[in-house]
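Coordinate analysis (summary)
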Amino acid sequence: MADTRSVLIVEDEALIALDLEATLSEAGWSVIGPAGTGSRALELVGDGLPHVACLDLNLGNGTSHDLARTLIARDVPVVFISGRDSRALPEDLRSVPILGKPIDDALLCRTLADLVPA
Amino acid sequence: MDTARKKKPDKKGWEFSSVYGAVDSPGRAPSFGAEIGALYSSSSVGLCLIGRDMTFIRVNEALARMNGVPIEDHIGRRVCDVVPGVSRPAGALMRRLVGSQEPVGPFDLEGETPAQPGVERIWSQSWTPVFDAEGEVVAASIIVIEVTEARRAERLLAERAEEVRRILDGVVAFAGRLAPDGTLTEANERAMLTAGVPREELVGRKFWDCFWWNWSKESRDRLRQAVARARGGESLRYDVEIRISGDQRAFIDFSLVPQRDAEGQVYEIIPSAVDITDRKHAEEKLQRTVARLGTILANAQIGIAIASGEGRILEANQMFLDMIGQPRKALRSGALHAKDLLPGGDLSRSEALRRDGVVETSEMDLRHASGRIVPTLSTAAMLDAKTGEHVTFFVDQTRQRADAEHRELLLLELKHRVKNMLGMVQAIAKQTARSGQDRDAFVSTLSGRLHAMARAHDLITARDNGKACLRDLIRAQVEPYSGGGARLEVDGPGVQLEPESANALGLVLHELATNAAKYGALSSATGSVSITWRRAERPGTSQVAIEWTERDGPPVTPPARRGFGTMLIETSLTHGLEGSMKMAHDPTGVVALMTVPASFPNG
């Protein structure tokens, strides 16, 4: 089953995106992306939805709120990664887990695994 | 005979013989001068002749009436028997007359006569000695005028005048008396003392010519007119400045009151005054204080409003009116009410204000006429507990609140950036570790990359606008690897980069520079690198096109393995940024063509 678990990574910071990709690949996830923008992410996803999405909260000058809403609407669970705290989240996204930067790899892997039971 | 007893030629008095005839022929009735006899009988003035032995020799009718004893009961009898009530002073006078041989009087003699027993009466008397041929005083010729009533009236008048003076002197005020023409006839001690000039320079002069008034034409003329009006029957009162001793000035509350007689004629004018200098000074001080406060209030950068107990705004300074965007006329019409201006609650109903008299400084919003809310810090104090009138001070906090919000935003942003930076450091460290280099190489590569980040960060934070200059960024990242920059060509227009672009480009330049130093043009003594840029020809965007060209280095071979550095070079400008990167490993040298979003301050 491990082969089939896929994660979408959306992170505009190239360095961090590369690191996330490497970290999650090593943890056995099939990585889609990393995408630097929301629109690029939706292009990558196409029709094949990932099991879970790992989104940087801030993308460029905007946020990944709308992308998160789109994915949640398609039953894709989402994890936010952010330098900001959860108070920055709008009401409807308060239940989305938020992981701080710098990223705790073990916590990230556990959180993703919890959202996608094997 | 001693000569002292002789009548001298200049002696004042009568020759006895001239008034009485000779006495040297006893038993013969002395002849009385015809003229004097006529005078005796006709005069309404009391006349008598008393011998040295104090017996009545002659008495006229008028005196007999005064004494209440018939003429015939006087003659030949002693004074002490006829009018015992006056005999003692009469005896003393006779002794004096005999001794001095000089006339005495007129003087007042007091006593009682049988005419009015038990009543003290007063007579004005003149005693003239009567001499005999040897010049001896043998008798006294006496003129007696009854003055009892006149003296009493005079005494009463004197007592009354004294009493008036005592009253005037006793009062704390200045007071005096003026004749209708304005002549000062009397002034109390206090008034005199304030002038400090002799009485004769005041009393008897026209009031306005006196010391108090004559220092100024204005005060003198005004007084003259006032006296004229008082003479016409008018009472006047006004505050005026007068001169007092030492050429000082004093303020008095001055009044003129005319006195009328039974016919309604003004016979006297009473001027009086109270010294109000202290009060006047206090008033002036108060006025100055009020004026000063007024200036302060008008210019204070604090809104100040006075409201009634019901919350109606009674008074306010310009700052307050500006804060609520209302014209001053809104104040006059009474249309401003605290409940409309304080959406957070009307202070007139504040319990603290009623209980403690003050409301501690607190945040309070004011509503501007436009509907905008003006944040303020406000304090209030009760002015009149009975009516509830109170004053409230408002310090506009609009800017402070905006500043605070801005600070909070900056702090949040800083927190965010620090965390991001740590995230990047973590990523670099992990990625560097993944390359599988030995420990020394790992440390050197990692610290090189961290330094690259730090240099980019320095450039970004060096300026207030948070933008980095491209030329500075290139120099900062490449020069450390170029041996002093001799083999570097850096050329292009002024370009500014946003923090994200500067961070990403900084790392890319660092990787290009370290590669060149390890394997490329900067690894040989002859190689050089040119870095040039221009505005990119990409419609709708503002980007800079940068060309990295290595020359004269060792022959280039494409890397066998795609390491982290390569991935970093390839993805940093495209991932999340709208930039691009094309890299070619030409045999003559590495060529990299990059574009990143940028702004061109010089157009």
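Residues numbered from 1 in each chain as written. Chains lettered and ligands numbered in written order. Predicted model: local features only at pLDDT ≥ 70, side-chain atom pairs only at ≥ 80, totals over all residues. Heavy atoms only, no water.

Given two aromatic rings, their pairing is described by the distance between the two centres and the angle made by the two planes. Taken as a whole, this structure holds six aromatic pairs over all chains when the rule is applied. Here F207 of chain B and W212 of chain B contribute two aromatic rings whose centre-to-centre distance is 5.9 Å and whose plane-to-plane angle is 70°, an arrangement assigned as edge-to-face. Taking the relative accessible area as the measure of exposure, W212 of chain B reaches 7% and is therefore buried. Arranged with centres 5.3 Å apart and planes meeting at 35°, the rings of F320 of chain B and F394 of chain B form a pair that is tilted. On the criterion of sequence distance, the pair formed by F320 of chain B in helix α10 (residues 318-324) and F394 of chain B in strand β16 (residues 389-396) is long-range, its members being 74 residues apart. For the pair formed by F320 of chain B and F394 of chain B, the shared burial category is buried. The side chain of R5 of chain A reaches across the aromatic face of W29 of chain A, ending 4.4 Å from its centre. Sitting over the face of the ring of F600 of chain B, R535 of chain B holds its NZ or CZ atom 4.3 Å from the ring centroid. (Phe/Tyr/Trp six-rings, centres within 6.5 Å; stacked < 30°, edge-to-face > 60°. Buried < 20%, exposed > 50% of the residue type's maximum accessible area, 1.4 Å probe, protein only. Helix = DSSP H or I, 4+ residues; strand = E, 2+ residues; numbered from the N terminus. Lys NZ or Arg CZ within 6 Å of the ring centre and 35° of its normal.)

Right, let's talk about a nonpolar patch on the surface for a bit. Residue and element names in this part refer to chain B. Side chains of L411, L414, V418 and L422 sit close together on the surface and give an oily, nonpolar patch of about 380 Å² of accessible area. Relative to the assigned elements, L414 resides in helix α14 (residues 398-434). What makes L414 exposed here is its relative accessible area of 52%. (Patch = residues over 30% accessible without salt bridge, like charges linked within 9 Å, V, L, I, M, F, W, Y side chains within 5 Å. Areas by Shrake-Rupley, 256 points an atom, 1.4 Å probe, with all protein chains shown as cover. Salt bridge = Lys/Arg side-chain N within 4 Å of Asp/Glu carboxyl O.)

Under the definition given, this model contains zero disulfides over all chains. Not engaged in a disulfide, the cysteine C109 of chain A finds its nearest cysteine sulfur in C54 of chain A; these two sulfurs lie 9.6 Å apart. (Disulfide = S-S within 2.5 Å.)

Let us look at unusual backbone geometry. Cis peptide bonds are those with omega within 30 degrees of zero, and the linkage from K101 of chain A to P102 of chain A qualifies with -5°. Along the polypeptide, P102 of chain A turns up in the loop between β7 (98-100) and α4 (105-115). Following G105 of chain B, the chain continues to P106 of chain B via a peptide bond in cis, the omega torsion being 5°. By secondary structure assignment, the location of P106 of chain B is in strand β4 (residues 104-111). A positive phi angle, near 65°, is found at D75 of chain A, a position not held by glycine. Relative to the helices and strands, D75 of chain A is located in the loop between α3 (65-73) and β6 (78-82).

Before going further, it helps to examine the interface of chain A and chain B. Contact residues are listed per partner, giving 24 residues for chain A and 23 residues for chain B. With both sides pooled, the region where chain A packs onto chain B buries about 2000 Å², and carbon together with sulfur makes up 55% of that total. Looking at the side of chain A facing chain B, the largest losses of area belong to L15, L18 and D19 of chain A, adding up to 29% of the total buried there. At the surface where chain A touches chain B, the tally comes to four salt bridges. (Contact = heavy atoms within 4.5 Å. Buried area = accessible area lost by both parts, 1.4 Å probe.)

Residue and element names in this part refer to chain B. The strand order across the open sheet built from five strands is β13-β12-β16-β15-β14, with neighbouring strands paired in antiparallel fashion. The sheet is open, and its two borders are formed by β13 (313-316) and β14 (358-367), each paired with just one other strand. Sheet twist, expressed as the mean angle between neighbouring strand axes with direction ignored, is 30°. Across three bridges, strand β12 (residues 303-307) lies against β13 in antiparallel orientation. Bridge pairing in β13 places A307 opposite I313. On top of the sheet, α14 reaches β14, β15 (373-384) and β16; it is set at about 135° to β15, its chief contact. (Pairing = 2+ DSSP bridges. Axes fitted to C-alpha atoms, helices over the stretch in contact; angles between N-to-C directions.)

The next thing to look at is the pairing of strand β3 (residues 52-56) of chain A. Residue and element names in this part refer to chain A. Counted residue by residue, β3 has five buried out of five residues, so it is predominantly covered. Side chains V52, C54 and D56 project from β3 onto one buried face, and the interleaved A53 and L55 project onto a second face that is buried too. Bridge analysis of strand β1 (residues 6-10) against β3 gives four bridges, and the strand direction is parallel. Each bridged residue has a counterpart across the sheet, and for V7 the counterpart in β3 is V52.

Let's shift gears to the pairing of strand β2 (residues 30-35) of chain A. All names here are of chain A. Where β1 meets β2, four bridges bridge the pair, whose relative direction is parallel. Across the sheet, residue L8 finds its bridge partner in β2, namely I32. For the crossover that starts at β1, traverses helix α1 (residues 14-26) and ends in the parallel β2, the hand is right-handed. (Right-handed = clockwise from strand over helix to strand, strands pointing away.)

Residues and elements named next belong to chain A. The sheet built from five strands is open, its strands ordered β2-β1-β3-β6-β7 with parallel pairing. Of all the strands in the sheet, the pair left with one neighbour each is β2 and β7. Between one strand axis and the next, the sheet turns through 20° on average, direction left out of account. Across three bridges, the pairing between β6 and β7 is parallel. Bridge assignment links S82 to a residue of β7, and that residue is G100. In the packing of α1 onto the sheet, the strands contacted are β1, β2 and β6, and the crossing angle to β2 comes to about 175°.

Let us now look at the pattern of salt bridges. Scanning the entire structure with this criterion turns up 38 salt bridges over all chains. Across the pair R237 of chain B and D253 of chain B runs a salt bridge whose closest N-O atoms are separated by 2.4 Å. In this pair, R237 of chain B sits in strand β9 (residues 236-244) while D253 of chain B sits in strand β10 (residues 248-260), placing the two residues 16 residues apart along the sequence. The exposed category is assigned to R237 of chain B, whose relative accessible area is 64%. A residue is classified by how much of its surface remains accessible, and D253 of chain B, at 11% relative accessible area, is buried. Residues E511 of chain B and R449 of chain B are paired through a salt bridge, measuring 2.6 Å at the closest nitrogen-oxygen approach. You can see E511 of chain B sitting in helix α17 (residues 499-518) and its partner R449 of chain B sitting in helix α15 (residues 439-462), a full 62 residues away along the chain. Across the pair, exposure class does not vary: E511 of chain B and R449 of chain B are buried alike. Salt bridges sharing partners connect three or more residues here, namely D19, E26 and D105 of chain A together with K430 and R434 of chain B.

A low pLDDT means the predicted coordinates there should not be read in detail. Residues and elements named next belong to chain B. Considering every residue of chain B, the mean pLDDT works out to 85; 91% of them sit at 70 or more. This stretch, residues 1-8, has a pLDDT under 50; its non-local contacts, to residues over four places away or in other chains, come to 17 contacts. Taken together, the stretch residues 21-30 has pLDDT below 50 and engages in six contacts with residues farther than four places along the chain or on a different chain. Confidence estimates for the predicted assembly give a pTM of 0.52 and an ipTM of 0.84. (pLDDT = per-residue confidence, 0-100.)

Moving on: the nonpolar core. Residue and element names in this part refer to chain B. In this structure, L470, L497, L505, V544, I546, W548 and M594 are the most contacted members of the largest nonpolar core, which totals 37 residues. Put simply, the parts of the chain that give this core at least two residues each are α15, α16 (470-478), β18 (488-491), α17, β20 (528-535), β21 (543-551) and β23 (589-597). Among the elements that make up this core, the one with the highest residue count is α17 (eight residues). Two domains each provide a minimum of three residues to this core, namely domain 3 (301-461) and domain 4 (467-603). What I546 contacts, discounting residues up to four positions off in sequence, is L470, L505, I531, T532, W533, A592, L593, M594 and V596. If you look at the next biggest cluster of nonpolar residues, it comprises 31 residues, including M192, A195, A250 and I252. (Core = buried A, V, L, I, M, F, W, Y, C linked by side-chain atoms within 4.5 Å. Domains from an automatic or database assignment.)

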